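Listed here are the chains, written in short residue letters.
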Amino acid sequence: MSEKQLGFDTLKVRAGYESSQHNYSVAVPIYQTASYDLGGVERAEKLFGLEEAGFLYTRIGNPTVAVLEERLTALDKGTGAVAVASGMAAVAYTLLNLAEGGGRILTTPRLYGGTFDAIKHLFPKFNVHVDFVENSDDPEAFRQAVGPDTKAILIESISNPNATILDVEAISQIAHDNDIPLVIDNTFGTPYLFDSFAHGADIIIYSATKAIGGHGTTLGGVIVENGKFNWSNGKFPHFEEPQFLLRDQSTGRERSILEVFPNAPFTTRVRLSYLAYFGASLSPFDAFLLIQGIVTLSERIDKQVSNALKIVNYLQGSDKVSWVNHPAAEGNPYKALADKYFPKGAGSIFSFGFKGNEEQLKTFLNSVELFSYHANVGDARSLIINSPKTTHGELNPEEQAFAGIKPETIRLSIGLENAEDLIADLEQAFEKAFVETLV
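Residues numbered from 1 in each chain as written. Predicted model: local features only at pLDDT ≥ 70, side-chain atom pairs only at ≥ 80, totals over all residues. Heavy atoms only, no water.

We apply this condition: UniProt positions are given in the numbering used here, feature names are shortened, and annotations may be inferred rather than shown by experiment.
Going by what an unreviewed UniProt entry lists, the chain is known as O-acetylhomoserine (Thiol)-lyase and is assigned to Paenibacillus forsythiae. Listed in UniProt under the heading Sequence similarities (unreviewed entry), the comment for the chain reads: "Belongs to the trans-sulfuration enzymes family." Of the comments in the UniProt record for the chain, the one headed Cofactor (unreviewed entry) reads "pyridoxal 5'-phosphate".

### So, the nonpolar core
Applied cut-off: We call a set of buried residues a nonpolar core when its members are Ala, Val, Leu, Ile, Met, Phe, Trp, Tyr or Cys and they connect through side-chain atoms within 4.5 Å of each other. Relative accessibility thresholds used throughout: buried, under 20% of the residue-type maximum; exposed, over 50%; partly exposed, between the two (1.4 Å probe, protein chains only). Under the scheme used here, helices are H or I runs from DSSP no shorter than 4 residues and strands are E runs no shorter than 2 residues, and both carry numbers assigned from the N terminus. Working rule for contacts: check all heavy atoms of both residues, and any pair within 4.5 Å makes them a contact.
In terms of nonpolar packing, the biggest core is built from 84 residues, with Leu 315, Phe 350, Phe 364, Leu 412, Leu 426 and Phe 430 touching the most fellow members. A per-element tally of this core places helix α12 (residues 297–316) first, with eight residues. Excluding residues within four positions of it along the chain, Phe 364 makes contact with Phe 352, Phe 354, Ile 384, Ile 410, Leu 426, Ala 429, Phe 430 and Ala 433.

### Things to note about the sheet that holds strand β6 (residues 203–207)
What holds strands together in a sheet is hydrogen bonding between their backbones, with the strands either parallel or antiparallel. Note the cut-off: Here a strand pair is declared whenever DSSP counts at least two bridges between the two strands. All axes are obtained by fitting lines to C-alpha atoms, using only the stretch in contact for helices, and the reported angles, taken between N-to-C directions, cover 0 to 180 degrees.
One open sheet holds the seven strands; their spatial order is β1-β7-β6-β5-β4-β2-β3, and the pairing between them is mixed. Strands at the two margins of the open sheet, each flanked by one partner only, are β1 (80–84) and β3 (128–132). Going from strand to strand, the sheet's axes swing by 20 degrees on average, the running direction of each strand aside. By the bridge criterion, four bridges tie strand β2 (residues 103–107) to strand β4 (residues 150–156) in an arrangement that is parallel. Counterpart to Thr 107 in the pairing with β4 is Leu 154. Strand contacts of helix α4 (residues 87–98): β1, β2, β3, β4, β5 (182–185), β6 and β7 (221–225), with the helix running at about 155 degrees to β6, the strand carrying the most contacts. Against the sheet, helix α10 (residues 265–278) touches β1, β6 and β7, its axis set at about 30 degrees to β1.

### Digging into the packing of aromatic side chains
What counts, and what does not: By convention, a stacked pair of Phe, Tyr or Trp rings (six-membered ring in the case of Trp) has centres within 6.5 Å and planes under 30 degrees apart, an edge-to-face pair has planes over 60 apart, and any other such pair is tilted.
On inspection of all chains with the given rule, the structure shows 23 aromatic pairs. Between Phe 229 and Phe 236, the ring centres sit 5.8 Å apart and the planes meet at 80 degrees, which makes this aromatic pair edge-to-face. Residue Phe 229 is classed as buried on the basis of its relative accessible area, which comes to 13%. Summarising the aromatic geometry, the rings of Trp 231 and Phe 266 are spaced 5.2 Å apart at their centres and angled 25 degrees between planes, so their arrangement reads as stacked.

### Quick notes on the pairing of β7
Taken across its five residues, β7 has five buried, putting it largely inside the fold. Neither face of β7 is open: one carries Gly 221, Ile 223 and Glu 225, the other Val 222 and Val 224, and all of them are buried. Looking at chain direction, β1 and β7 are connected through five bridges and run antiparallel. Each bridged residue has a counterpart across the sheet, and for Ala 83 the counterpart in β7 is Val 222.

### Comments concerning the pattern of salt bridges
The line we're drawing: We define a salt bridge as a contact between a side-chain nitrogen of Lys or Arg and a carboxyl oxygen of Asp or Glu at a distance within 4 Å.
Within this structure, the stated rule accounts for 16 salt bridges. As a salt-bridge pair, Lys 120 and Glu 399 come within 3.0 Å of each other at their nearest N and O atoms. Note that Lys 120 is positioned in helix α5 (residues 113–122) and Glu 399 in helix α15 (residues 397–402), a separation of 279 residues in sequence. Residue Arg 143 pairs with Asp 177 through a salt bridge whose shortest N-O separation is 3.3 Å. Placement of the pair is Arg 143 in helix α6 (residues 139–145) and Asp 177 in helix α7 (residues 168–177), with a sequence separation of 34 residues. Accessibility expressed as a relative area gives 33% for Arg 143, which makes it partly exposed. Classification of Asp 177 as partly exposed rests on a relative accessible area of 42%. Residues joined by salt bridges that share partners form a network here, namely Glu 140, Arg 143 and Asp 177.

As C-alpha cells, this is what we get:
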C-alpha cells in the first residue's frame, strides 16, 4: 500500500497495518508481551546489531504500538514517530532530546499549564532553560529573542485554553534562519485540522489522550518528525556522537544516530535513549485503544467543530458572558490566521468569560447536567472547567496574567451530543447561577 498517495480517511483506517503480517487478523492485535523470543543466537546478534528489524523488549518497541506510530506518521506525512505513555512524557522527551547537556527553549506563555510549569520550574534543574516571548502575536519578537544557546522554538497550534493562533510559517522561517527546529504541540489541532509539516514544523508533539483517542479512556503521547531538519549543523553535537550501541558489526566502528537512522534520527534517538532508560512506555492495550480512536478521528472532529460553532454563537448572544475566545467568534483577532491554517475549522476547545462573581461561577459549574466537569479535552463528551483553578492552577496569578488567562475564564471542550441540548444545559445553569444566588 502506497500510503502517501492515499487520502486522510483511508490512512486513518488502514495505515501502518497489513493483516498478512499478523496472522490475517482484521483488527490490530494486542501484543501483550514484555519480551520476544530471539529465535536463536544468530538472529539475536542481527537484532542487537541493528542489522535486522524486529522487536526485543516492549519498553522500547511493540508491534501494537508500532501500528499507532506508523499510522500517525502517515497522517502527518512524516518519516518517523515514537509513542510514549502520556502527552507530558512526549513534551519532556522532546525538550530533553533537543537541549541535552544544556540549552534554552524559546516559547510563548500560551501553553498548557503543565507544560508551562514544567519548563519554567522543573527543566531548569536539568540545565534546560526557557525564554518566553510575551508578544508572541508578532513573529519578529521570536527573532529578537533567539540567543546563541536557543535549541528550538516551541508553540501550540491552537493554544490552551484561549484558542489563540500564531503565524506558524513566519515563526518557522525565523527558526530555520537560526538553524533551530520548530516544535509544534498539535494536540488541539490534530493531524486532521492542521498540517504541521506543510506549514514549517520539524517536530510534532501530541497528547494522544485528547482528540486522537477521543473517548477519555487512555493516556498516551506521540512525537512525530519529518526527517528534514539538519541536526548536524553544529548546534546539536549529541546527535553526532558515535555510540558503541550503533557500531558497524563488520568493522566495530562506532556510528552516530545520524549515520544509522538518517530519515528519523530525532524519534529514534528518543526511543533508544529516553524511552529505553527513562521508561515512559505506552502499553500495547493503550495503543490499541488509541488506534480505535484514530479510526473515527475526522468524523468526530467534524461534528465537534460544528457543535462548537453553534455554542460560540449562543455564548456571544448571552448577557451572562463577557467575552468568547474562539477564532470563529465575532471580532476575534485570529480569524484570518484560522482561515489560513485551519480551513476545516479551528477546533472545538475554547474559553469564555463568565460575567458574574465567584459564588455565581461556582453555582454555574455545579449546575451543568450534560457537560462533565473534569480536566480533559477532546473527549466524545462535552467538558467544562474553570481553568485558572484547575488545569492552569499551578500558575500563580502573575503567571496566569502573563499567559492571558483571566480569573473568570471557563474552558469548554465540545463533544458529540446534540448542540441544542448542550446550549439548553448552559442556559439552565446560567439561570440558576444568576437567580439562585440572588434569592
